[in-house]
Amino acid sequence: MNDGKIKTGTPGLDRMLHGGFVPHRPYIVSGAPGSGKTVLSMQFLLEGIQGGERCLFVALEEPPNEIKQNMRSFRWPVDDIEMLDGNSDVRRFEPTPVIEISTEVEPVKMREIEDRIRKTPDFESHEVTVHSLQQLLKNTFIKRRYERVVVDSMTALKYFCMREFEETLTTQSFMRFLAESKVTSLLTVELPESGDVPPETFLARGEVRLHKLRDETGIKRFISVEKYKGSSHDEFVYPFEIRESGIVVLSAEGGKAPAPL
Ligand SMILES: Nc1ncnc2c1ncn2[C@@H]1O[C@H](COP(=O)(O)OP(=O)(O)O)[C@@H](O)[C@H]1O
Ligand SMILES: [Mg+2]
């Protein structure tokens, strides 16, 4: 059944999700660095743009111009995607080195983003808070309504900012805010090699996980739906490739499943 579901922009993933995402809910795409999270999120927004929806990419890990450059090799029509730069236009609070995203930052269309090289900010000495991002998005949503929003990544956002005891509550409140704003959102989460599963993965309504493995022939990529509240879904792990057209999910016969999951 795909009643009322929206397409993710990755046809193979839509099949795995039995039609796509239930709209107006927050979802997680998790995986190791370089597993394809940003590419998958961009495809999610492009699908919206092609359907005439308003889409917003919140860039917290790489500056927008770098993302624009990275996406160029795909030859996608990304011009109408709007980008909110969480890397720049920040305010410094002394004496503690806390930086808040200014609530005055405005989204800029991808076509207007300059190609000049800007250094990726050093998050080590700063804090960008979930609260300030929520406030910024609130201001943005008052001015205009977005159908799809990507936050890339939640990991960068909270890496240095949250006391451990606050993490679950703050993330939960952020996801509730996104759901109440009636946007379908995709939040990227970097998965640690081992250890605790980040709280987003159990707070989100669904989790798509990207696996990156190396064998003697090179890097192999796999995709799975770890959970999907309120819907049936495929429980197989499928191989996928990143091609010029983007992420292509292959049939299960093409590769062997990673272990352990
Ligand atoms: N045009 C392309 N063609 C094929 N593969 C690409 C292309 N662009 C990026 N990739 C692959 O995608 C990977 C990066 O994916 P990305 O979505 O940025 O990962 P993540 O966000 O999970 O860190 C690169 O390491 C590269 O292997
Ligand atoms: Mg990324």
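What you are looking at is a predicted structure, and each value in this text was computed from that prediction instead of being measured. (Residues numbered from 1 in each chain as written. Chains lettered and ligands numbered in written order. Predicted model: local features only at pLDDT ≥ 70, side-chain atom pairs only at ≥ 80, totals over all residues.)

1. Observations concerning the site of ligand 1
The following threshold applies: In this text, near has one meaning. A residue is near a molecule or strand if its C-beta atom, placed using the backbone, is within 6 Å of it. Strands here are runs of E lasting at least two residues and helices are runs of H or I lasting at least four, both read from the DSSP assignment and numbered beginning at the N terminus.
Contacts to ligand 1 come from Gly 31, Pro 33, Gly 34, Ser 35, Gly 36, Lys 37, Thr 38, Val 39, Ser 73, Phe 74, Ile 242 and Glu 244. With 3 residues, helix α2 (residues 37–50) is the single largest residue contributor to the shell around ligand 1.

2. Remarks on the nonpolar core
Heads up, the condition is: To form a nonpolar core, buried Ala, Val, Leu, Ile, Met, Phe, Trp, Tyr and Cys residues must be joined through C-beta atoms within 7 Å. The burial label depends on the number of other C-beta atoms within 10 Å of a residue's C-beta. Counts of 20 or more mean buried, 12 or fewer mean exposed, and intermediate counts mean partly exposed, with C-beta atoms placed from the backbone. A pair of residues counts as a contact when their C-beta atoms, built from backbone coordinates, are within 7 Å of each other.
Ranked by size, the top nonpolar core spans 60 residues in total, and within it Leu 45 and Val 58 carry the most contacts. No other element matches the 6 residues that α2 contributes to this core. Residue contacts for Val 58: discarding those within four places in its chain leaves Leu 84, Gly 86, Val 149, Val 150, Val 151 and Asp 152.

3. Here we look at the sheet that holds strand β1 (residues 26–31)
Hydrogen bonds along the backbone pair up the strands of a sheet, which may run parallel or antiparallel. Put simply, the test is: By this definition, two strands are paired if DSSP reports at least two bridges between them.
Pairing is mixed across the open sheet formed by 10 strands, whose spatial order is β6-β3-β2-β7-β8-β1-β9-β10-β11-β12. Edge positions in the open sheet fall to β6 (108–109) and β12 (246–249), since each of these has one partner strand only. Taken together, the 4 bridges between strand β7 (residues 148–152) and strand β8 (residues 184–190) define a ladder with parallel strand orientation. What sits directly across from Arg 148, in β8, is Thr 184.

4. Focus on unusual backbone geometry
With glycine set apart, most residues show a phi of negative sign, and most peptide bonds adopt trans. Between Asp 152 and Ser 153 the backbone carries a cis peptide bond, its omega angle lying at 5°. Note on placement: Ser 153 falls in the loop between β7 and α5 (154–158). Its identity as a non-glycine residue notwithstanding, Arg 75 has a phi of 55°, on the positive side. The backbone of Lys 182 shows a phi angle near 60°, a positive value even though the residue is not glycine. Here Lys 182 is to be found in the loop between α6 (164–180) and β8.

5. Notes on the environment of Met 42
By the secondary structure assignment, Met 42 is in helix α2. With 26 C-beta atoms packed within 10 Å, Met 42 lands in the buried category. Sequence separation between Met 42 and Cys 55 is 13 residues, and the spatial gap between their C-alpha atoms is 10.0 Å.

6. Notes on the pairing of β8
β8 sits mainly inside the fold: 6 of its 7 residues count as buried. Pairing analysis gives 6 bridges linking β1 to β8, with the strands arranged parallel. Bridge pairing links Ser 30 to Val 189 in β8.

7. Brief notes about α2
In plain terms, the rule: A helix is expected to span 1.5 Å for every residue after the first.
Here α2 contains 14 residues, and its C-alpha end-to-end distance of 20 Å stays within 8% of the 20 Å for a straight helix at 1.5 Å per residue. Along α2, the residues that are buried comprise Lys 37, Thr 38, Leu 40, Ser 41, Met 42, Gln 43, Phe 44, Leu 45, Leu 46, Glu 47, Gly 48 and Ile 49.

8. A closer look at helix α3 (residues 64–72)
What counts, and what does not: Starting at the helix axis, one direction is taken to each C-beta atom, and the arc is that of these directions.
Those residues of α3 not exposed but buried are Pro 64, Ile 67 and Lys 68. Viewed end-on, α3 has its buried residues packed into an arc of 100°, placing them on one side of the element. Buried residues belonging to α3 abut β2 (55–59) and β3 (82–85).

9. Concerning the pairing of strand β10 (residues 218–228)
Bridging between strand β9 (residues 206–215) and β10 involves 10 bridges; their strand directions are antiparallel. Considered in β10, the bridge of Val 208 is made with Val 225. Linking β9 to β10, which pair antiparallel, is a turn of 2 residues. By the bridge criterion, 3 bridges tie β10 to strand β11 (residues 238–243) in an arrangement that is antiparallel. For Arg 221, the partnering residue across the bridge sits in β11 and is Phe 240.

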